[in-house]
Amino acid sequence: MHRSALFLAAFVLLPLAGDPGANPKLKAAAVAEVETQATDLIRLADSVWHFAETALRETRSAALLASHAEREGFRVVRGVSGMPTAFTAEFGTGSPIIGIMGEYDALPGLSQTTITSKEARVAGAAGHGCGHNLFGAASLGGAIALKRLIERGQLKGTIRFYGTPAEESVGGKVYMVREGAFKDVDVMLAWHPADRTQADNGSSQAIVDFVVEFRGKTAHAAGDPWNGRSAADAVEAFTHGVNLLREHVRPSVRMHYTVQRAGDVPNVVPDYGRVWMWARDSKSAQLDAVLTRVRDIADGAAKIAGVEGKLTVQAGDYEILVNHEGSRLLDRNLRFLGPISYTEEEQSFAKAIQRTVGIAERGVVGAPQPLKVPAPTEPEGGSTDVGDVSWVVPTLHFSVTTGVWESPWHAWPVVATGGMSIGHKGMLHAAKVMAVTGADLFVDPALRSAIRAEFTEQTKGFAYRPWIPAGPPPLPTTP
Ligand SMILES: [Zn+2]
């Protein structure tokens, strides 16, 4: 009592001194609420790891997490924003509303057992090569810890968990943003499994995902080729044009494509061609100009080949809008929690993986890495639909070690460590970061205003316009 009175007095007199947010006792309570869930959360993460369901097919994974939340006393809404595998789980009432995102989709073809060399658990099946089995379980665990503190009257407000499908394909969050699912939230929290533990103050890349199709006329390639109009010719002209364009885009632009169709046999002039392409840049706004040029190239290619051309945008993500106030808060909490520690067995497991892959045998690193100073100005790595959320509500993002240092990502080592104790430890740690950071945000209106003020400044004059086409999400039509 005496100590908390002192703490309050110091806070009132010197609002800038010390760390804002929850007091250490409340933070310790938040951590304890994750620890008591350890068995449950590991079970959830392992089940989702075994289900290994790909984008928009995460039926069992979503059902498991949603029913777990329901048993915990959350109000669950399933089938959010037209996606059967999207859900929200909410507890508490009134302001503030703190949101936590979880993912659970796997990647095709990455099935792997928990050993230190490449070996599929089920040949040809999917695997959690991005660690989303841990992502979903940890985030839900963090939400449950906060829910229990609300229930006991230690926090006031609403905690809302977002089960967000299809991060690896069309970006379920983009559909949820479009439907306004985040519009009343004060602050969103998200994390990602990684080879290191760090508060993220660097962005991701904006991306637009589209297909270019060409339709021509078949003819005998030797008998009457003059009657044919080749979609394969258009594909060639198009990809050549794209490769010429590379010289005339910003250095930050990345363009990659695959030719999905360009005919079946040489003696038939192909009447259908299809190129699947992604363009990325550091800013979503800069992609419009790239897309305009690519459209012109598609039109030009169609003219060259005398065929019809059509470009269809399928999906796209914004770059993450970094909230630096939020990154500093996460950084303080990573330091408050300290390093994740590993047994000798876990370290030799990690080093054996590194040996197999051919990278430095540094093992697994659980110490929090410092914030990048200065904050990166160019995005790092790939793209994520967390980006879209970050433009409509302040979003705090961090990474936690679930894989070996410098592990190749979207690859078997991530699946291997994600299904054993290294992944479990990272998952529980991430849940704790969520819980203590959530506690900070619930108790400290000044902290929330500082985060909001930065967001408002950054988004001045900005109007969100999703890349996705109008209409419902592209649900799978085959089982
Ligand atoms: Zn991922």
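Scroll up to find the structure this text is about.
Notes on the structure in this doc start here. The shown structure was predicted, so the numbers you read here are calculated from the model rather than taken from an experiment. (Residues numbered from 1 in each chain as written. Predicted model: local features only at pLDDT ≥ 70, side-chain atom pairs only at ≥ 80, totals over all residues. Heavy atoms only, no water.)

## Details of the layout of surface pockets
For step 1, the next point in the chain: Taken as a whole, the largest pocket encloses approximately 1,200 Å³ of empty space.
For step 2, the next point in the chain: What lines the largest pocket is a set of 47 residues, and nearest its centre among them are H192, E380, G381, G382 and S383.
For step 3, the next point in the chain: In terms of residue count, strand β11 (residues 395–401) provides more of the lining of the largest pocket than any other element does, four residues in total.
For step 4, the next point in the chain: Classifying every residue of the lining of the largest pocket gives 15 nonpolar, 20 polar and twelve charged.
For step 5, the next point in the chain: Three or more residues apiece are contributed to the lining of the largest pocket by two domains, here domain 1 (17–203 + 319–458) and domain 2 (206–317).
For step 6, the next point in the chain: Here the second largest pocket is characterised by a volume of approximately 520 Å³.
For step 7, the next point in the chain: Looking at the second largest pocket, it is lined by 21 residues, and the ones nearest its centre are A55, S169, V170, W276 and P474.
For step 8, the next point in the chain: Partitioning the lining of the second largest pocket into residue classes produces 15 nonpolar, three polar and three charged. (1 Å grid on protein atoms, 1.4 Å probe; cavity = no way out; pocket = protein on both sides within 12 Å on 5 of 7 lines; lining within 4 Å. Points joined across faces, edges and corners; volume = space filled by probe spheres on them. Helix = DSSP H or I, 4+ residues; strand = E, 2+ residues; numbered from the N terminus. Nonpolar A, V, L, I, M, F, W, Y, C, P; charged D, E, K, R; others polar. Domains from an automatic or database assignment.)

## Quick look at empty space enclosed by the protein
If you roll a probe as big as a water molecule over the atoms, it shows you where there is empty space left.
For step 1, the next point in the chain: Evaluated as defined, the whole model comprises one cavity of 30 Å³ or more.
For step 2, the next point in the chain: Empty space within the largest cavity amounts to approximately 40 Å³.
For step 3, the next point in the chain: Lining the largest cavity we find W49, A52, S111, Q112, R121, A126, G127, H128 and V415.
For step 4, the next point in the chain: Across the lining of the largest cavity, the residue classes tally to four nonpolar, four polar and one charged.

## Details of the coordination of the zinc ion
For step 1, the next point in the chain: Taken together, the protein donors to the zinc ion comprise C130 (SG), H132 (NE2) and H192 (NE2), at separations of 2.1 to 2.2 Å.
For step 2, the next point in the chain: Of note, the zinc ion draws all its donor residues from one chain, in the sequence arrangement C-x1-H-x59-H. For the pair shown, C130 and H132 are each scored as buried. (Donors = N, O, S within 2.8 Å, 3.2 Å for Na, K, Ca; no water. Buried < 20%, exposed > 50% of the residue type's maximum accessible area, 1.4 Å probe, protein only.)

## A word on helix α9 (residues 324–337)
For step 1, the next point in the chain: A rise of 1.5 Å per residue sets the reference length of α9, with its 14 residues, at 20 Å; its end C-alpha atoms lie 20 Å apart and thus fit the reference within 8%.
For step 2, the next point in the chain: Every buried residue of α9 is listed here: G326, S327, L329, L330, D331, N333, L334 and L337.
For step 3, the next point in the chain: Check the buried side of α9 and you find it contacts α2 (24–35), β5 (187–194), β6 (198–199), β11, α13 (421–443) and α14 (445–458).
For step 4, the next point in the chain: For α9, the side-chain oxygen to backbone nitrogen distance between the N-cap and E325 is 3.4 Å, and the N-cap itself is N323. (Expected span 1.5 Å × (residues − 1). Contact = heavy atoms within 4.5 Å. Polar contact = N/O pair within 3.5 Å; in protein donor to acceptor, adjacent residues only side chain to side chain.)

## Comments concerning the sheet that holds strand β10 (residues 308–317)
Where strands meet in a sheet, backbone hydrogen bonds hold them as pairs that are either parallel or antiparallel.
For step 1, the next point in the chain: Read across the sheet, four strands follow the order β8-β9-β7-β10 without closing on themselves; strand pairing throughout is antiparallel. Strands with a single pairing partner mark the edges of an open sheet, and in this sheet they are β8 (254–262) and β10. Ignoring which end each strand starts from, the neighbouring axes of this sheet average 15° apart.
For step 2, the next point in the chain: Taken together, the nine bridges between strand β7 (residues 206–215) and β10 define a ladder with antiparallel strand orientation. Looking across to β10, one finds that F210 is bridged to V313. (Pairing = 2+ DSSP bridges. Axes fitted to C-alpha atoms, helices over the stretch in contact; angles between N-to-C directions.)

## Things to note about the pairing of strand β4 (residues 158–163)
For step 1, the next point in the chain: Of all six residues in β4, six are buried, a share of seventy percent or more.
For step 2, the next point in the chain: Of the two faces of β4, the one holding T158, R160 and Y162 and the one holding I159, F161 and G163 are both buried throughout.
For step 3, the next point in the chain: Where strand β2 (residues 87–92) and β4 come together, six bridges link them in antiparallel fashion. Looking at the pairing, F91 lines up with I159 of β4.
For step 4, the next point in the chain: Of the strand pairs in this sheet, strand β3 (residues 97–102) and β4 are connected by six bridges, and their pairing is parallel. Along β4, the bridge assignment pairs G99 with R160.

## Side note on the nonpolar core
For step 1, the next point in the chain: Formed by 74 residues in total, the largest nonpolar core has its most connected members in F74, F87, I159, W191 and L441.
For step 2, the next point in the chain: Ranked by residue count, the leading element in this core is α13, at twelve residues.
For step 3, the next point in the chain: Those residues in contact with L441 that sit more than four places away from it in its chain are P96, I98, V187, L189, L329, L396, L447, R448 and I451.
For step 4, the next point in the chain: One finds A234, V253, V307 and Y318 within the second-largest nonpolar core, a separate group that totals 35 residues. (Core = buried A, V, L, I, M, F, W, Y, C linked by side-chain atoms within 4.5 Å.)

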